[in-house]
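Now for the letters of each chain:
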Amino acid sequence: MVLPTTPGATRRLGLFVIVAAVLWHLIVVLSPPRVPPPKDTEGRDFASYYYAAKVAAQGGDPYDRDVLGSMATAEGTRAEVHPYFYPPPFLWLVAWSPIVDLHQAFGLWFLLNEMALLAACVALARWWGPFSDTVAPLLAALVALMYGVAYSAELGQANFPVLALIVLALASERRRPELAGVLLGIAAMWKMSPALFVAWWLVRGRWRAAGAAVATAIGSSLLTLPLLDFWHQLEFYTRILPRFGSGDYNGLTIQIGMFANHSVPNLLHQAFPAPDNRLSTFGRLGSTLFTVGLLAVGGWLFRVRTDDPVKIAAQACSVLIAMLLIPVYTYEHHLVFALPAMLMAVVAVQRGWLDRRWAVPIGIAVAILLYDQPAVRQFDLRVVTERNGRAFLLVQEAKFLAMCLVGAAVTWLGATAADDPTRAPVPRPAQQGS
């Protein structure tokens, strides 16, 4: 088969891939899930956001799981609700939902997430467009083929709005650092892990962006007082947030050692199990040491300031992977945050920014990250089985290992690639560290 080589033919092929990918994505997310949801799970994970907003609107405590469950039972939607453990400003994202019932709100939430995913993809394609003509088609294909994307939509998770804010913030960092800080500050107050980008900005001397992010985080909590009073907000910051490191997510009962948990603390929990669903002393110590070590190594590798857009983009992707490795829980749907790193790794090999020897391992890693997680689990249980412990563990943690390999590739690129302003020229800031 001879592929088109003229610019016009390449553009047409790219457009065809994008259209096909969009259609496939819509078919996947609009079709009924192959595995029907468990009984009595109306609204899936979104139900905890919905009832948290509803309880807060009535002046109650959204962090009280019993109150959420009682309201759901009274409405006849479900017997229990997952605990709500998001920062107070997250309530603004779902403050509209109590005006309709849970079923209608879930449908509107799906539309909001699809728009957020589109915004994230468009922003990323525009940001990285100068790197390669294949950025947009490759991104469309990755989104369409990634199981985690469809699974996030199926559960009604909040990943896409956060991803959109992160990409928009990073894309505007150079020319509008204050705007970037505001966007990232909001993302960090919807989901705490994006705060890692503030540390990255500080390492690179991006003081205005980092300052705007911190100010936005503080200001957003104050602006949330009409939705949630001071004492209930204080409850999150003093009681709930400090327990995240131990695996206590406000009483979440999902097991840390579940098959599709792709984090380092999950491995530590398996190595040093505890009788309850929390990290053991050794698990917490190992998790803390890993986090500190990862931040220290990242800070050292990225300490040299650069204006090269490829290195900056690769470093941002490295931070996104760190966002997935550090938390106690990194579910399958969280892997959507690895999409930019997967795209960057593929483009880097294609353009020769990474040695060609990366091609095969990156190709395998990307395929693993895209693959259907339930199928991986069934293969592990039925074919490999626990009688072969090492092989079972290798298959079980295949996506974790793939994520680490992609992370290593973008980190290597972000730390070692030679500055080359001709790749995608950008104006230098008027003042150092702006």
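Residues numbered from 1 in each chain as written. Predicted model: local features only at pLDDT ≥ 70, side-chain atom pairs only at ≥ 80, totals over all residues. Heavy atoms only, no water.

Caption draft 1: Looking closely at the overall build of the protein. The helix and strand inventory of the protein stands at 20 helices and zero strands. Taken over the C-alpha trace, the protein has a radius of gyration of 22 Å; the compact-globule value for 434 residues is 22 Å, and the two agree within 12%. For the protein, the spread of C-alpha atoms along the three principal axes comes to 65 × 55 × 45 Å. Here the protein holds 434 residues, and the buried ones make up 52% of them. Pairs at least 24 apart in sequence give 75% of the contacts found in the protein among residues at least 6 apart. Surface summary for the protein: the accessible area is close to 20,200 Å², and the carbon and sulfur share equals 67%. (Helix = DSSP H or I, 4+ residues; strand = E, 2+ residues; numbered from the N terminus. Rg over C-alpha atoms; globule rule 2.2 N^0.38 Å. Buried < 20%, exposed > 50% of the residue type's maximum accessible area, 1.4 Å probe, protein only. Contact = heavy atoms within 4.5 Å. Areas by Shrake-Rupley, 256 points an atom, 1.4 Å probe, with all protein chains shown as cover.)

Caption draft 2: Examining the nonpolar core more closely. Ranked by size, the top nonpolar core spans 119 residues in total, and within it Phe 90, Trp 128, Ile 166, Phe 197 and Met 342 carry the most contacts. Of the residues forming this core, the biggest block, 13 residues, is contributed by helix α15 (residues 309-325). Excluding its chain neighbours within four sequence positions, the residues that come into contact with Ile 166 are Leu 184, Ala 187, Pro 194, Phe 197, Leu 320, Met 323 and Phe 337. (Core = buried A, V, L, I, M, F, W, Y, C linked by side-chain atoms within 4.5 Å.)

Caption draft 3: Here's a closer look at the state of the cysteines. Under the definition given, this model contains zero disulfides. Left without a disulfide partner, Cys 317 is nearest to the cysteine sulfur of Cys 121, which lies 14 Å away. Of all cysteine sulfurs, the one in Cys 317 lies closest to Cys 404, which takes part in no disulfide; the gap is 15 Å. (Disulfide = S-S within 2.5 Å.)

Caption draft 4: Local environment of the confidence of the model for the protein. Taken over all residues, the pLDDT of the protein has a mean of 90, while the share at 70 or more is 92%. Below a pLDDT of 50 lies the segment residues 425-434, which in the model reaches 18 contacts outside its immediate sequence neighbourhood of four places, other chains included. (pLDDT = per-residue confidence, 0-100.)

Caption draft 5: Looking closely at the environment of Leu 267. Mapped onto the elements of the fold, Leu 267 is located in helix α13 (residues 264-271). On the accessibility criterion, Leu 267 (28% relative accessible area) is partly exposed. Other than its neighbours up to four places away in sequence, Leu 267 contacts Glu 397 and Phe 400.

Caption draft 6: Fine view of α13. Every buried residue of α13 is accounted for by Val 264, Pro 265, Asn 266, Leu 268 and His 269. Where α13 is buried, its residues meet α14 (281-301), α15 and α20 (398-416). Residue Ser 263 occupies the N-cap position of α13, its side-chain oxygen lying 3.2 Å from the main-chain nitrogen of Asn 266. (Polar contact = N/O pair within 3.5 Å; in protein donor to acceptor, adjacent residues only side chain to side chain.)

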